[in-house]
Each structure stands twice: as structure tokens, then as C-alpha cells.
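Each chain is listed here by its residues.
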Amino acid sequence: MDCLRDWPEPIVRVQSLSESGAEIIPARYVKPPAERPSVGPPGVTEACIPVVDLALLEDGADASSCDAATVKAIADACRGAGFFQAVNHGVSPGLLRRAREVWRGFFHLPMEEKQRYANLPNTYEGYGSRLGVDKGAILDWGDYYFLHFLPLCLINHQKWPALPPTLRLMNEYRETTDEYGEELTKLCRRILRALSMGLGLEADRLPEAFDEEGVCMRVNFYPKCPQPDLTLGLSAHSDPGGITILLVDDHVAGLQVRKDNSWITVRPLPDAFIVNVGDQIQVLSNATYKSVEHRVTVNAASERLSMAFFYNPRSDIPIGPIPELVSPARPALYQPMTYDQYRLFIRQRGPRGKKLVG
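Residues numbered from 1 in each chain as written. Predicted model: local features only at pLDDT ≥ 70, side-chain atom pairs only at ≥ 80, totals over all residues. Heavy atoms only, no water.

**A word on the overall build of the protein**
Alright, step 1. Each helix and strand counted, the protein has eight helices and 14 strands in total.
Alright, step 2. Per-residue burial over the protein gives 53% buried out of 358 residues.
Alright, step 3. A fraction of 80% describes how many contacts in the protein between residues 6 or more apart in sequence connect residues 24 or more apart. (Helix = DSSP H or I, 4+ residues; strand = E, 2+ residues; numbered from the N terminus. Buried < 20%, exposed > 50% of the residue type's maximum accessible area, 1.4 Å probe, protein only. Contact = heavy atoms within 4.5 Å.)

**Quick look at the pairing of strand β10 (residues 273-277)**
Alright, step 1. Within β10, five of the five residues are buried, leaving the element largely enclosed by the surrounding structure.
Alright, step 2. Here β10 shows a buried face lined by Phe273, Val275 and Val277 and a second buried face lined by Ile274 and Asn276.
Alright, step 3. As judged from the four bridges shared by strand β2 (residues 83-87) and β10, these two strands associate in the antiparallel manner. If you follow Phe83 over to β10, its bridge partner there is Asn276.
Alright, step 4. Pairing between strand β7 (residues 243-247) and β10: four bridges, direction antiparallel. Paired with Thr244 across the strands is Asn276, a residue of β10. (Pairing = 2+ DSSP bridges.)

**Regarding the packing of helix α2 (residues 68-79) against helix α5 (residues 173-198)**
Alright, step 1. Direction vectors running N to C along α2 and α5 enclose 80 degrees, while the axes themselves pass 8 Å from each other. With respect to each other, α2 and α5 are oriented roughly perpendicular. Counting all contacts with α2, which are made through Val71, Ile74, Ala75, Cys78 and Arg79, the residues of α5 involved are Ala194, Leu195, Met197 and Gly198.
Alright, step 2. When the residues that make up the contact of α2 with α5 are grouped by side-chain class, the tally is seven nonpolar, one polar and one charged. (Axes fitted to C-alpha atoms, helices over the stretch in contact; angles between N-to-C directions. Parallel < 35°, antiparallel > 145°, perpendicular 65-115°, else oblique. Nonpolar A, V, L, I, M, F, W, Y, C, P; charged D, E, K, R; others polar.)

**Re the pattern of salt bridges**
Alright, step 1. Overall, the coordinates contain 17 salt bridges when judged by the stated rule.
Alright, step 2. We note a salt bridge from Glu9 to Arg130, for which the minimum N-O separation is 2.8 Å. Note that Glu9 is positioned in the segment before α1 (14-19) and Arg130 in the loop between β3 (126-128) and β4 (143-150), a separation of 121 residues in sequence.
Alright, step 3. For Arg130, a relative accessible area of 6% gives the class buried.
Alright, step 4. Between Arg104 and Asp249 there is a salt bridge, with the nearest N and O atoms lying 2.9 Å from each other. (Salt bridge = Lys/Arg side-chain N within 4 Å of Asp/Glu carboxyl O.)

**Points about the side chain of Thr231**
Alright, step 1. Here Thr231 is to be found in the loop between β5 (214-222) and β6 (234-237).
Alright, step 2. Only 2.7 Å separates the side chain of Thr231 from the backbone oxygen of Tyr29, close enough to count as a polar contact.
Alright, step 3. Beyond its immediate chain neighbours, meaning those up to four positions away, Thr231 contacts Ile25, Tyr29, Lys31, Pro37, Leu139, Trp141, Cys225 and Val298. (Polar contact = N/O pair within 3.5 Å; in protein donor to acceptor, adjacent residues only side chain to side chain.)

**A word on the packing of aromatic side chains**
Alright, step 1. Counted by the stated rule, this structure contains 15 aromatic pairs.
Alright, step 2. Ring centres of Phe107 and Phe221 lie 4.9 Å apart, and the angle between their planes is 10 degrees; this geometry places the pair in the stacked category. In this pair, Phe107 sits in helix α3 (residues 93-107) while Phe221 sits in strand β5, placing the two residues 114 residues apart along the sequence.
Alright, step 3. Relative accessible area serves as the criterion here: at 0%, Phe107 is assigned to the buried category.
Alright, step 4. A connected cluster of aromatic rings, assembled from ring pairs, spans Trp103, Phe106, Phe107, Tyr117, Tyr127, Tyr145 and Phe221. (Phe/Tyr/Trp six-rings, centres within 6.5 Å; stacked < 30°, edge-to-face > 60°.)

**Quick word on the sheet that holds β3**
Alright, step 1. Taken in spatial order, the eight strands line up as β1-β2-β10-β7-β12-β5-β4-β3 in an open sheet, and their pairing is mixed. Pairing within the sheet leaves two strands with one partner each, and these edge strands are β1 (51-53) and β3. Geometrically, the sheet is characterised by an average inter-axis angle of 25 degrees between neighbouring strands, direction not taken into account.
Alright, step 2. Strands in contact with α5 are β4, β5, β7, β10 and β12 (304-312); relative to β12, the strand with the most contacts, it is inclined by about 55 degrees.

Shown next as C-alpha cells:
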């Protein structure tokens, strides 16, 4: 882990580049032609992302009352598209609006205020502008803020901004972020139980495999870009962890999902979450559920903010296919590996497609 003690080069804030007025982006952000933004065929931009109503997905230990149709809809979505839009998920629209407001407010603080929370690659917690430590790597057009929620021993309170009291909206920062984290953790637990039942297992089987849950969040800020056709806000990747719940910008689209050989732009529904399974769920399910590549485009006219909430397994225990899902007809497709070992790849090299689980 010595390579993760510091960034290999001075950090440049993308927001500063955007606000400089330059009409040409630095060469460090120009993607190879094959990786530049594109869109899929007309008419399929929404068809590949199922919509699942979670109103009947029960919370708590008693899974017997979980709606079978809801469990099947979640499982079908994660077998196929790997993504779905969750509506009637139980998190109040007011909390979603407040969360967006306080975090947009953070990114519009003076740079010297934000720099107090600059991060390092060993944990990523705090204010950052790159993923990966490869010197000379082509970079993404975005800044972010990363926070841990669980386990409690990982929380670094020095990285939870103590914001100026003169900013009225930002006074709610800690309370809003705490409430948001609590509500989404509960939602992830409900979804994980449903995923377990969708595999024909007991509702507790996937939670048992996760052991101690790891919960974190990355708030992404994609500033305006003078040449959005040459770069990406976030390069193509599959999420390395368990479940991701994404709250996207309520005005500007940008998320693209790979479907066959095309990139499909997702058009989010109002107050919906976009949910996808990560590589650890693909491994545990022995590839019954699919983690799918996705990426983020940027915009010349508008900035964009999204909030990615990650629900992961305990990081220091081996994760492999659940034995009940392995048979002579379907042998184990993956060797056990800890999540710490697995995510070291992305922490070293940044998002690089779908390298470790095919």
C-alpha cells in the first residue's frame, strides 16, 4: 500500500480549469478516440433500464411478507440490465432535495475552503479530483467528495466539513448527510435481502456473506466542459463493491450504461434512484447477477452533480461464489478474494472498464 500514500503529481481541480475560461481542455483529459462519448441507437435510451416499484418491499427481519413480484422484478433487472430505477423507495423527496442542495453548496465554496479537506489515495476520504495513482494517466473531467459511514472505525471526522455559519443551507450539512446515510443504508439492506431471495436463497444469506457491511458515498461534481466530445466525467467501469444507489442530477443527464456494443444514456425519473449491482454481488451470485459497465459524460452548458452511495461487504474476508450456487453443472467461476485485495486495483489504476470479472 505504499504506492497509495500520496498522489504521484500535483492535483489540479477540474472546477478551476472550467472556471478559467479556457476553450481547450488540457491534453491530460483528452480520451483516446475509441473511449470518447457516444450515444446508442434512437429509441432505446430508456428501454434497457427497468423501473421497479419498491413500495411493497418490506423492511425488517421478517421477509415472509415481501412482495414476490417485487423480488422477481429486482432479480430480473439484476440478471439482465444490471441496473434499475427504483421508485416509491421510501426516502422522502424533501431529503433528496436537501442532500443535493447542501452538496452543490459545498462545491461552490471558495477553493481555499474546499482545499482544507483535500484527500489522499490511501482512503480517498475528502475532497478529490482523480482516481488512481498511475503517473501520467489520462484523467476524468470531474471533482468529488468521498465519505465513510460504516464501519464507524473508518469515519474520519476531520473530513466532514465544518462549514461557515454564514451559509444558511450549509448549516444543515451534517444533519442532512447523516440522515441521508441512515435512510440509504436501510434501503440497501432491503434490496440485498430481495437479491438473496431472488437467487432462491433465504433472505439472510447474502447479508451473512457480507458479514459486516461497509458503507460509503462519493459525491461527484462535473463542471462545465468546453470540449465535452473529447473527455468523460468518469471513465467506463463496473462498480467494484456490492450495491450502488445513485441519486442523479435533477436537471442534467450524463450517466451512460453499456448495452451490447452501444452506450445508452439514462433518462432518470423524478425522485427515483438508479440502482446497480457491483462486482462483489456478481461474484457471490456466481454470475447470476451482472455488474455492468457504465460511464459519465459531461456538458458544455451545465454543471452536473450526482451522489453515489456504496454498500459493500466486509473488506477483509474472502468473497467467492456462495456454495449453494455452485454445482457440477455450474462450477465456481471465481476464486475467493478479499474486497481489500479487489479494490486495490481501482485505487491504483482508477476506473478501467471491467477487468477482473468478465
